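Here is how the chains run, residue by residue.
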2 protein chains.
Amino acid sequence: MKSFLNPGSVVLIGVTRHGGVGAYNNLEVMLNFGVASDIYVVHPHVKNILGYPAYTNIMDVPIIPELAIISVGRNNIISIFNACAEKGIKRVIIVSQGFSDADEKGTRIQNKLIKIAKENSIRIMGPNTLGVLNNFDGFTTSFVTIPKEPSPVPLGAIVQSGVFLADGQSFTNGLGKAIDIGNGSDIDFVDGLNYFETDPDIEIIAIYMEEIKRGRVFLKPASRISRKKPIIVLKSGRSEAGGKAALSHTGSLVGEDAVYDIALEKAGLVRAKNMIELKSISNLFLHCSPMKGQRLAVVTATGAAGILAADACDDYGLHLASIKDDTLKNLEVSAVKWFNLNNPADIWPLGMVTGNVSNIVVKVSVSLIENDQVDGLLIVFPAFASSLHDDINFQSIINRILKKTRQEKPIAVWLYGKGAEQQKKSMLRQKGFAFFENIDEAVMGLAGSWRYFRNQQQKKDFEDVEPSKKINPSVIPSNGIYLGKDAFELMRRYNLPVVSGKIINSRDQAMNTADRIGYPVVLKVISRHWLHKSDEGGVVVGIRNPRGLKDAYNNLVALFHKKFPEKRLPELLLQRQVVGKELIFGIKREPRMGHVILAGMGGIYTEIFNDTARELAPVTKKEAEKMLRSLKYYPVLKGIRGEASVDIQSLIDIITSLSELAMDYPEISEVDLNPVIINQEGCWCVDSRIIF
Amino acid sequence: MKSFLNPGSVVLIGVTRHGGVGAYNNLEVMLNFGVASDIYVVHPHVKNILGYPAYTNIMDVPIIPELAIISVGRNNIISIFNACAEKGIKRVIIVSQGFSDADEKGTRIQNKLIKIAKENSIRIMGPNTLGVLNNFDGFTTSFVTIPKEPSPVPLGAIVQSGVFLADGQSFTNGLGKAIDIGNGSDIDFVDGLNYFETDPDIEIIAIYMEEIKRGRVFLKPASRISRKKPIIVLKSGRSEAGGKAALSHTGSLVGEDAVYDIALEKAGLVRAKNMIELKSISNLFLHCSPMKGQRLAVVTATGAAGILAADACDDYGLHLASIKDDTLKNLEVSAVKWFNLNNPADIWPLGMVTGNVSNIVVKVSVSLIENDQVDGLLIVFPAFASSLHDDINFQSIINRILKKTRQEKPIAVWLYGKGAEQQKKSMLRQKGFAFFENIDEAVMGLAGSWRYFRNQQQKKDFEDVEPSKKINPSVIPSNGIYLGKDAFELMRRYNLPVVSGKIINSRDQAMNTADRIGYPVVLKVISRHWLHKSDEGGVVVGIRNPRGLKDAYNNLVALFHKKFPEKRLPELLLQRQVVGKELIFGIKREPRMGHVILAGMGGIYTEIFNDTARELAPVTKKEAEKMLRSLKYYPVLKGIRGEASVDIQSLIDIITSLSELAMDYPEISEVDLNPVIINQEGCWCVDSRIIF
C-alpha cells in the first residue's frame, strides 16, 4: 500500500495535454499539492505536458515506476494496462469511470483487468476513483484541487467516493490520509485497514462504505485493529436495505442493513448514521479518549442548554449523571440562598453573584469530571465578540480545567456566540477537549465514543469463525428445501424441540396415530409447492375427536388436489396440538457477513410488530440470552399478570443449536422455526423449513 | 409590545455603576448596540453612570418612561416595582433571576409583582430574562454584548432563554427581533405571536418553548398566524415527558410530549426536534417557499451524496421523486453510452465528457425542478479553492437556474470543498435557494418545510373549541372516579357500546342473571379501592356453568375481604363473556392543551407495544379514521390470513363519542375503555373507568 500512498516514482497515463481552468489535469493538481515523487508522463501525441517530457509509450519510460495512474477511457484501458504489466509496474490506480459502476460491458472490462492483474501480481485501486490523498508525505492523485493540510490530523479514511477527499473537513473533521477504493475491484477496505494498522501517522480510521464484498473477511482485521485505533464506519444505503424477497419469515425479518449493524458492532467498530455523526465522532476521537459509560455531566451558562442536552442524551444513547454525593452542594455559595446546583449545572447565577464566572466554571467542571459518577463532560459556554467580556476567556478556562484533572474522560465543548470562531482558532489542535458546532453534535460525538467503548467490551472473536464445512452433499435435497419429516430429522440431530407428530400416508394411519398421541391434534399438508399453506387453509387445528380428524383429512386432500391438480398427494403431518406463546426462530445467510440467527415474537404479530433480535453466528449462550432480553415480548415470556415464567433456558438452547446448525452447514440459506410454541411444560417447534 | 421592542424612552433601574470588563452593564451594552431611545438611569448612590445623570429615585425622572428595565435583586424588587407603578410606567422588563425559576419564596414575590401589575395595568416581561433584541430599530436590553446585525433577517423569535439572543446564528440562522419571555409571568408566547402577526419586519416566527401555561389559548392565534407566517417550534424537555403517574392506561400512554406533538401539528406549526433542525428549517424558510409534497430530486457531482441524500430522506420524512417520463433520458448525451441519468442525478460523468459541468448542472436542475413529479430540489456541488476550477462557479450556475425556473419550489444546496465558504459569502441573502452545511441539514430543512405545508392543509379550527360547559355538578361522584354501573350509565348516554351485564349484590342474583344472559360469563369486583384488579385476581373469566359461577363468587368475595379487611363488600359485575380482538380507547386531559383522545391495541400487549394513536378533542370522523389507520394493529382489524374485517365504522363512532364526552365534561381527567372487545358481531366495552 505504501506504493499507492507515497510512491518513489509515478507515471501518469491519459493525463490531459493542457492544464488550467476546466482541464481537471491530475498532473497539475499533483504538482500544486507539492509532490515529492519522481514523475513520468505518457502521452501518444504531445512531447511535453506542463514542463514534463511526455513519452509516447510506457515502454519508453526510463525506469519502472512504482505506481501508474491511468485516466484513459474504458475502450483503451486493456491495451494500456497490458503495457503496464509488460513494463513490470505492480501498482495501478485506474481513475476512469464506466466500469462496474456503469453497465455490463464495463463490468466485463473490469473483470478482464482483474484477471490480467492477478496473472502479473499487480494490485489495482479503482476503477472510478480519485485515488489517494496523503497530507503527511505530500502526495495525491486527485484531478480536482485539494489543498494540502500543513499539519494533518492523524485520521486515515478508506472510502468509496472522492467527495470524502474533496471535503475532509465536512466528513471527518479533517484528513491525514485517504484511500478512495472506487469500485473496489481489487484494493478494498481490508487492504486499507491492514495498511493503517501499522501506519504511525494514523490513530483513527474512518470508513465510508456503500457495499462490501468480503464482509466476513473484513471483520477479522477490523476487530483486531479497532482495539488500537478506533474505526468509525458510515455505511450508507440504509433506506434501501429492507428485507429483500425471501422464502421465509426469517428471510424477510433480517434486513441487510440490520446485519451490517450487528456485524460492525460485534467487530468493535462504531457506526455513524450520517455525515453529521461521522464528523462528530471523528472529532471526538481526534481530541479525547472515549466515554467509558453513559453518564454525562453538563456545565452550562444557560438553563436551556441543559434541557437541550438532556434531550440529546435521550436521542443518542447517553443519560445525565445523577450526582448522589455532596459534590455540587459543596460548590454552592451562601450568597445566593435560592440557588441549587444540579446536573446540568447552570453556573450563570453563581458566576454573576460571585462576580467571577470563570472561577465557577473551572471549579464546577473539575469537580464533575473527576467525580466517579461521571463518564464525560459537556461544557456549553459563551464567547462574546466584545472586550467587555474578557473575564470569560475560554482558552484560560479550559487550560485551568485540564491542569487540574487527570484528562481520562472526554470533554465536549459548545462555545457559542459571535466571538466563538475567533476564540476557537488557536485551540483547535489542543487535546483533552473537543469543540462542536452545537449541543447535538457534541452529544453525538460523546455517545459515539461510548458505543465504541461498549462494542470493544462485548466484541466477538472473529479469528475462529471460518465455516467448519462438515457438509455432506447427500443430505441436501435436490430442490434445496427441507420441510416436514426431513426438516424435523435434521432438527432432532441438533436437539431442536419438535412437537410429537408423524407423517401419515392414509386416513387410517392418521386415526391410529391420533389415538396414540392423544387429541386435540393438528393436521397439515407438507409440500414444497405450498410454502404459505397456513394462510390458505392447508392447516387444520383444534381437531378434538376421530370424527373431526376424518373430516379434516378428507378436506385437506380435496383442497390440495383442487389447488395442484397435477401434483400427487403430498405427505400429511399429524401433530399433537400445543397451546402457548408463539415465538419465531430462524437462520439467514447474509451474502456479505455470513449466517445471522433470529429470535422474535411469533404468530400473527410477527410481521406487524417486527419484535425481533438478531446475532451473527456463532452465538454464545450469553449472547442468546441477551437476544431474548432485548425483545419487547420478553416480559411476557417472563410472565406478566401473575403468570409464571416460561423456561428461558430452553429458548437459549434453541438459539445456540441453530447457531451450531448454521456453522456446520454453510450452504444453509434460510431456516424458519415458526411458530415455536412455548408453555409451562416446555417448547415445541410446530412448523419449520430449511432452505439450502 | 412595541413599547418593549422599540420604546421612545427607557429607564434603567439597578444598572451596575461602572462599565467595562465583567460589569455586565446593560446600559453600556445598549449604547454599544446603537440605541435610538431616550435613556434615563436610576441609582440610589451615584450621580452619573457612563455619562448619563443618575436619578436617586424613579419619581425624579423628568418624564414618564415608556419602558422600565429592572435589574435589582429580588429583595428590593417590590418597592422598586411599586415606585414604577406610581410613576405611571406601563411596561417593565425584570431581568433579575431568583423568582419562580428558583424557589417558593421567589414564586411568592413574582405572584405579588403580577398582582401589582394587574392593578396598575402594567405588563411585565420576565423575570429571569435578557429582555428584547431588535436588530431592525436598534434596541436591546441584554447585559451581554450582542453585535447588531447590519441587515437583519425577517425572523422573529419568542424564546424562554437568553442564549437564543446571544447566538441567533446557531439557533435560527440569524435574528431580526427576539423576545425572551423568561419566566413568562405575564408576557408570553401569545403576546409575542400577536405582535409579530402584524409586524411588517417579520415573515417567519421561531419559538423556543420549555413549557407553556396557556396552551389551548396559544393554539388559536398560532393556527391563525401560521397561515401567513410559518411558525417553527423547538419544544425541549422531550426526554422527561414520558407518561407521568396516572390512574389509567390512557393516562400513562398519553405522554405530555406526545400531546405537544399533536397540538403543534394541528395548529399548523412545524416542530423542530433539536437545535440543528430549528436552524435548518429556519434557514429554508428564510430563503424558499415550502415543499408542497414529499418528492425530492437530487442533483449531485458525486454518487455517494445521492445515496446519503436517500438515507436522509428516509430519516426525515421525504422520498426520492421517481421520474416516470423521459425528462432525464432526454438530457443524456450519446457521447457516454454507458451512462444513465437517474434521481439522484449524478452529473459528473456527463460534465466531464461534455467538458462543461456547469451547463449540465443547470440543464438537469432546471428540468428536475420544473417537473411535475418533483416538489423540491437538493443540489450537492463542489466549490474548490483553486482557480483551476473557475469553470464551475456556483454563483453563475444558481443564477442561471433561477432565471429559467418559476422559483415556486425550494432548492437546498450543499456546496462543499475548501472554497465553499468564500463562494457562499456573497450569496447568503439571495432568495430562491438556501445553503446548508451538509446533506442531512439540507434534507431536514426541506422536510420541515413539507411538514409545515402538510400541517397547514390538515389543521384544526381552534376558533370553536371552547368547552361547552354542560357539566351538571351533581353527576360527579365525591371521589371523582366512575366505575362499573356509573361509568356504563354515562357511556350509554354517549352511545358507547357496553357489554351485557349487571351489577349484582348476592350470589343468588348472580346465578339468576347468568341464566338469563347465558354462559360463559365473567365476574369481576368493582371497587374504587382496587383499580388494578385484573392483575391481582379480581376478575374471573370463562365461567361456563352455575357451579363455576358459585365458586367464582365465593372466591372473589373472600379475596376482597382478605385484601381489604376494613372495607365493606363491593359491587360485583357479571357480564356475558365476549371473545375477540382487544382494543383500548380513552381520554386524557392534558393540563396545557386540553383533552386528548386515544385509540390503540388493547389487552396484555397495550403497554408492551404502545401501539396507539392520539388526537386533540374535538375529533372528527375523518381524524378518527386516520387514527385507526395509523395503528400497526390496523391490518389485523381489517383481517389478515383470510379473516373478514371488523366493523371499522363502529370504532370510529367510539372515538367521536369519546370526543363528545370530553367536550361536554371539561372536568374529566381520564377515561379508560379497556378492553373494548371486537369481533365479527360487534364491539363491546368490557371494563371502564372515568376519572373526574
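What counts as what
- Residues numbered from 1 in each chain as written.
- Chains lettered and ligands numbered in written order.
- Predicted model: local features only at pLDDT ≥ 70, side-chain atom pairs only at ≥ 80, totals over all residues.
- Heavy atoms only, no water.
- Helix = DSSP H or I, 4+ residues; strand = E, 2+ residues; numbered from the N terminus.
- Contact = heavy atoms within 4.5 Å.
- Areas by Shrake-Rupley, 256 points an atom, 1.4 Å probe, with all protein chains shown as cover.
- Pairing = 2+ DSSP bridges.
- Axes fitted to C-alpha atoms, helices over the stretch in contact; angles between N-to-C directions.
- Least-squares fit on C-alpha atoms with pLDDT ≥ 70 in both.
- Core = buried A, V, L, I, M, F, W, Y, C linked by side-chain atoms within 4.5 Å.
- Buried < 20%, exposed > 50% of the residue type's maximum accessible area, 1.4 Å probe, protein only.
- Buried area = accessible area lost by both parts, 1.4 Å probe.
- Salt bridge = Lys/Arg side-chain N within 4 Å of Asp/Glu carboxyl O.
- Polar contact = N/O pair within 3.5 Å; in protein donor to acceptor, adjacent residues only side chain to side chain.
- Nonpolar A, V, L, I, M, F, W, Y, C, P; charged D, E, K, R; others polar.
- Left-handed = near helix turned anticlockwise from the far one by under 90°.
- Right-handed = clockwise from strand over helix to strand, strands pointing away.

Asker: What should I look at first to understand the overall build of chain A in this one?
Answerer: Within chain A, the secondary structure is distributed over 24 helices and 31 strands. Taken along the three principal axes of its C-alpha coordinates, chain A extends 95 × 85 × 35 Å. Within chain A, counting contacts between residues at least 6 apart in sequence, those at least 24 apart form 70% of the total. For chain A, the accessible area works out to roughly 26,300 Å², and carbon and sulfur atoms hold 48% of it.

Asker: I keep staring at the sheet that holds strand β12 (residues 204-209) of chain B and nothing clicks. Help me out?
Answerer: All names here are of chain B. Strands sit in the order β9-β8-β11-β10-β12-β13-β14 across an open sheet of 7 strands; the sheet is mixed. Edge positions in the sheet fall to β9 (139-140) and β14 (270-272), since each of these pairs with one other strand and no more. Examined bridge by bridge, strand β10 (residues 155-159) and strand β11 (residues 177-180) share 4 bridges and lie parallel to one another. Counted as the bridge partner of A157 is A178 from β11. Running over the sheet, helix α11 (residues 275-287) touches β10, β12, β13 (231-235) and β14 and is turned about 135 degrees from β14.

Asker: I keep staring at the relation of the copies chain B and chain A and nothing clicks. Help me out?
Answerer: Between the two copies of the chain lies a rotation about an axis combined with a shift along it. You can overlay chain B on chain A at an RMSD of 0.2 Å; the transform is a turn of 180 degrees with a shift of 0.2 Å along its axis. Between the two chains, the operation in question is that of a two-fold axis. Considering only C-alpha atoms, the residue of chain B closest to the rotation axis is F609 of chain B, which sits at 3.8 Å. Residue by residue, 100% of the interface of chain B is reproduced at the interface of chain A, so both copies engage with the same surface.

Asker: Before we go on, may I ask you to explain the nonpolar core in this structure?
Answerer: The nonpolar side chains of soluble globular proteins are, as a tendency, buried together. By size, the foremost hydrophobic cluster in this structure holds 308 residues, and its most contacted members are F218 of chain A together with F218 of chain B. Not counting residues up to four positions away in its chain, the partners in contact with F218 of chain B are F189, V190, L193, I207, M209, I212, L264 and L269 of chain B. Core analysis: the next-biggest nonpolar cluster, separate from the first, contains 100 residues, Y665 and V676 of chain A together with F488 and L658 of chain B among them.

Asker: Which parts of the structure should I look at to understand the interface of chain B and chain A?
Answerer: Often, the extent of an interface is quoted as the loss of accessible area upon association of its parts. With 84 residues of chain B at the interface, the matching set in chain A holds 84 residues. Summing both partners gives a buried area of about 7,100 Å² for chain B against chain A, and 63% of it is carried by carbon and sulfur. In this structure, the connection of chain B to chain A is made through 8 salt bridges. Residue E149 of chain A pairs with K418 of chain B through a salt bridge whose shortest N-O separation is 2.9 Å. Counting every contact that joins chain B to chain A gives 22 residue pairs in polar contact (both at pLDDT 80 or more). It is helix α12 (residues 303-316) of chain B that contributes the most residues to the side of chain B that touches chain A, 9 residues altogether. Residues belonging to the side of chain B that touches chain A are distributed by class as follows: 41 nonpolar, 20 polar and 23 charged.

Asker: Before we go on, may I ask you to explain the packing of helix α19 (residues 507-517) of chain A against helix α20 (residues 546-563) of chain A in this structure?
Answerer: Packed helix pairs are characterised by how far apart their axes lie and by the angle those axes make with each other. Residue and element names in this part refer to chain A. In contact at an axis separation of 10 Å, α19 and α20 are set at 145 degrees when each is read in the N-to-C sense. When you trace α19 past α20, the crossing you get is right-handed. Listed contacts from α20 to R507, A510, M511 and A514 of α19 are P546, L549, K550, Y553 and N554. Grouping the constituent residues of the contact of α19 with α20 by class yields 6 nonpolar, 1 polar and 2 charged.

Asker: Sorry if this is basic, but what is going on with the pairing of strand β6 (residues 91-94) of chain A here?
Answerer: Remark: a regular strand shows side chains that alternate across the two faces of the sheet. Residues and elements named next belong to chain A. In the sheet, strand β5 (residues 67-70) pairs with β6 via 3 bridges, with the strands oriented parallel. The residue of β6 that forms the bridge with I69 is I93. Crossover connection from β5 via helix α3 (residues 77-87) to parallel β6: handedness right-handed. Pairing geometry for β6 and strand β7 (residues 123-125), over 3 bridges, is parallel. Bridge pairing links V92 to I124 in β7. Between the parallel pair β6 and β7, the chain is carried across by helix α4 (residues 104-119), and the sense of this crossover is right-handed.

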